[in-house]
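Results of the structural survey
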Amino acid sequence: MKAVILDIHRSSMEDGPGIRTTVFLKGCPMQCIWCHNPESISMDKELAFFEERCTLCGECVDVCPNEVHRVQHDAHTIDRTLCRMCGKCADACVQDALRMTGEELSVADVMETVMKDLAYYEESGGGLTVSGGEPLYQFGFTLELLRTAKKNGLHTCLDTGGLATREKFEAVLPCVDLFLYDYKVTEPDKHKDLTKVSNDLIFGNFEFLYHRDARIELRCPIIPGLNNDEVHLKNLLRIRRHYTELEALTIMPYHNTGNAKYERYGYVNPLPDTGTVSDDMLRHWNARLNPNQNTI
Ligand code: SF4
Ligand code: SF4
């Protein structure tokens, strides 16, 4: 079985305990307005252009069969509507200014990379994290990857936004050691407004997993001006107090490093001026939600 893979990060320290390899799958059913990985939403291959690397040599103009690239008057322009994602320009660019995103890989291909760092996982208590996009969007692959990882004795995390059928969560439950479960906006109308989907199923799946004794770290992104309000904070406090067996409730501060990606992939950035969460704001939220932890 194959899936369209966005990226594989080795030596990750942020996607669960210990040193991990994180596999990012393409495809997501949500459209969060603050998404900092816009290239993860579509399942299609995409072409990234790193303008700062381009020397205007014109090689891509010569190899492209569809006249997508133009190098004129010290500027390189791209007409993405003509691109058929053949990858010839990326292969031809010696400056690495053009890259294709979205590679079809099998479970065996991915596991070959994952198992290279087995010694680090054993030393650090790390393992494999499957992320996205939404990793359950390419469900068959994710299930097989998690099962294979468990057969190989690895610790597994699933980094999910929670928007998938109950049956899918039921199926992955035995082969996930820790769910990194995103819960983005607690107010239903606001959730729909900011992500284009209801949070009913997402919260229902969270409760299902919780009552099946899954280990869950709830991950809550805070985006200045969108959900850093008192109502959301109080709702999260209620969750914190009610679901006492949560492994953690982690505040994920928004950062605007995704802005460059919108340009690289030719998307319109819906939040060009939203700033990064300040240390003061993060301290305030953590003081309320995690008063016993020594976090900023
Ligand atoms: S081949 Fe690469 S460096 Fe040359 S013009 Fe195209 S993008 Fe720029
Ligand atoms: S991926 Fe293919 S069609 Fe698209 S710009 Fe590059 S060479 Fe042209």
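Residues numbered from 1 in each chain as written. Chains lettered and ligands numbered in written order. Predicted model: local features only at pLDDT ≥ 70, side-chain atom pairs only at ≥ 80, totals over all residues. Heavy atoms only, no water.

Quick word on the pairing of strand 8 (residues 127-131)
Within strand 8, 5 of the 5 residues are buried, which leaves it mostly tucked inside the rest of the structure. With 5 bridges connecting them, strand 2 (residues 20-25) and strand 8 associate as parallel partners. Counterpart to Phe24 in the pairing with strand 8 is Ser131. Across 4 bridges, strand 8 lies against strand 9 (residues 155-160) in parallel orientation. Residue pairing across strands places Thr129 opposite Cys157, the latter belonging to strand 9. After leaving strand 8, the chain enters helix 5 (residues 139-151) and then returns to the sheet as strand 9, a path that is right-handed. (Buried < 20%, exposed > 50% of the residue type's maximum accessible area, 1.4 Å probe, protein only. Helix = DSSP H or I, 4+ residues; strand = E, 2+ residues; numbered from the N terminus. Pairing = 2+ DSSP bridges. Right-handed = clockwise from strand over helix to strand, strands pointing away.)

Thoughts on the packing of helix 3 (residues 107-114) against helix 5
Direction vectors running N to C along helix 3 and helix 5 enclose 45°, while the axes themselves pass 10 Å from each other. Considering their axes alone, helix 3 and helix 5 lie oblique with respect to each other. For the pair helix 3 and helix 5, the crossing hand works out as right-handed. Residues Val107, Val110 and Met111 of helix 3 lie in contact with helix 5, whose contacting residues are Phe141, Glu144, Leu145, Thr148 and Ala149. Its residues assigned to classes, the contact of helix 3 with helix 5 shows 6 nonpolar, 1 polar and 1 charged. (Axes fitted to C-alpha atoms, helices over the stretch in contact; angles between N-to-C directions. Parallel < 35°, antiparallel > 145°, perpendicular 65-115°, else oblique. Left-handed = near helix turned anticlockwise from the far one by under 90°. Contact = heavy atoms within 4.5 Å. Nonpolar A, V, L, I, M, F, W, Y, C, P; charged D, E, K, R; others polar.)

Section: the sheet that holds strand 10 (residues 178-182)
Taken together, the 8 strands give an open sheet; going across it, the order is 7-1-2-8-9-10-11-12, and neighbouring strands pair in mixed fashion. The open sheet has two edge strands, strand 7 (103-106) and strand 12 (248-253), and neither has a second partner. Direction aside, neighbouring strands of the sheet carry axes that sit 30° apart on average. Of the pairings in the sheet, the one linking strand 1 (residues 2-12) to strand 7 comprises 4 bridges and is antiparallel in character. Along strand 7, the bridge assignment pairs Ala3 with Leu105. In the packing of helix 5 onto the sheet, the strands contacted are strand 1, strand 2, strand 7, strand 8 and strand 9, and the crossing angle to strand 9 comes to about 160°.

As for empty space enclosed by the protein
Taken as a whole and assessed by the stated rule, the structure comprises 3 cavities of 30 Å³ or more. As a volume, the largest cavity reaches approximately 90 Å³. Around the largest cavity, the lining comprises 15 residues; the ones closest to its centre are Cys54, Cys57, Cys60, His76 and Cys93. Looking at the lining of the largest cavity residue by residue, the classes come out as 9 nonpolar, 4 polar and 2 charged. For the second largest cavity, the calculated volume is near 70 Å³. (1 Å grid on protein atoms, 1.4 Å probe; cavity = no way out; pocket = protein on both sides within 12 Å on 5 of 7 lines; lining within 4 Å. Points joined across faces, edges and corners; volume = space filled by probe spheres on them.)

Section: the side chain of Lys26
Its location among the elements puts Lys26 in the loop between strand 2 and strand 3 (46-49). Here Lys26 falls in the buried class, since its relative accessible area comes to 0%. Among the polar contacts listed, one links the side chain of Lys26 to the backbone oxygen of Asp44, at a separation of 3.0 Å. (Polar contact = N/O pair within 3.5 Å; in protein donor to acceptor, adjacent residues only side chain to side chain.)

A few points about the packing of aromatic side chains
All chains considered together, the criterion is met by 10 aromatic pairs. On the basis of an interplanar angle of 50° and a centroid distance of 5.9 Å, the ring pair of Tyr181 and Phe206 is categorised as tilted. With Tyr181 in strand 10 and Phe206 in helix 8 (residues 200-211), this pair connects stretches of sequence that are 25 residues apart. Assigned by exposure class, Tyr181 and Phe206 land together as buried. On the basis of an interplanar angle of 45° and a centroid distance of 6.1 Å, the ring pair of Phe206 and Tyr210 is categorised as tilted. Here Phe206 pairs with Tyr210, and both are found in helix 8, just 4 residues apart, close to one helical turn. Through a chain of ring-to-ring contacts, three or more aromatic side chains come together here, namely Phe169, Phe179, Tyr181, Tyr183, Phe203, Phe206, Tyr210 and Tyr243. (Phe/Tyr/Trp six-rings, centres within 6.5 Å; stacked < 30°, edge-to-face > 60°.)

Describing the environment of Cys157
Examined against the element boundaries, Cys157 turns out to sit in strand 9. Counting along the chain gives 30 residues from Cys157 to Gly127, while the straight-line C-alpha distance between them is 7.9 Å. Excluding anything up to four places from it in sequence, Cys157 contacts Asp15, Gly16, Pro17, Arg20, Leu128, Thr129, Val130, Leu146, Val176, Leu178 and Leu180.

As for the domain arrangement of the protein
Splitting the protein by domain gives domain 1 (2-43 + 102-289) and domain 2 (50-101). Here the C-alpha centre of domain 2 lies 33 Å away from the C-alpha centre of domain 1. With 9 residues of domain 1 in contact, the opposing surface of domain 2 contributes 4 residues. Surface buried jointly by domain 1 and domain 2 totals about 500 Å² across both partners, of which 50% is contributed by carbon and sulfur atoms. The largest per-residue losses of area from domain 1 upon contact with domain 2 belong to Gly102, Arg264 and Tyr265, which jointly make up 81% of the total buried on that side. (Domains from an automatic or database assignment. Buried area = accessible area lost by both parts, 1.4 Å probe.)

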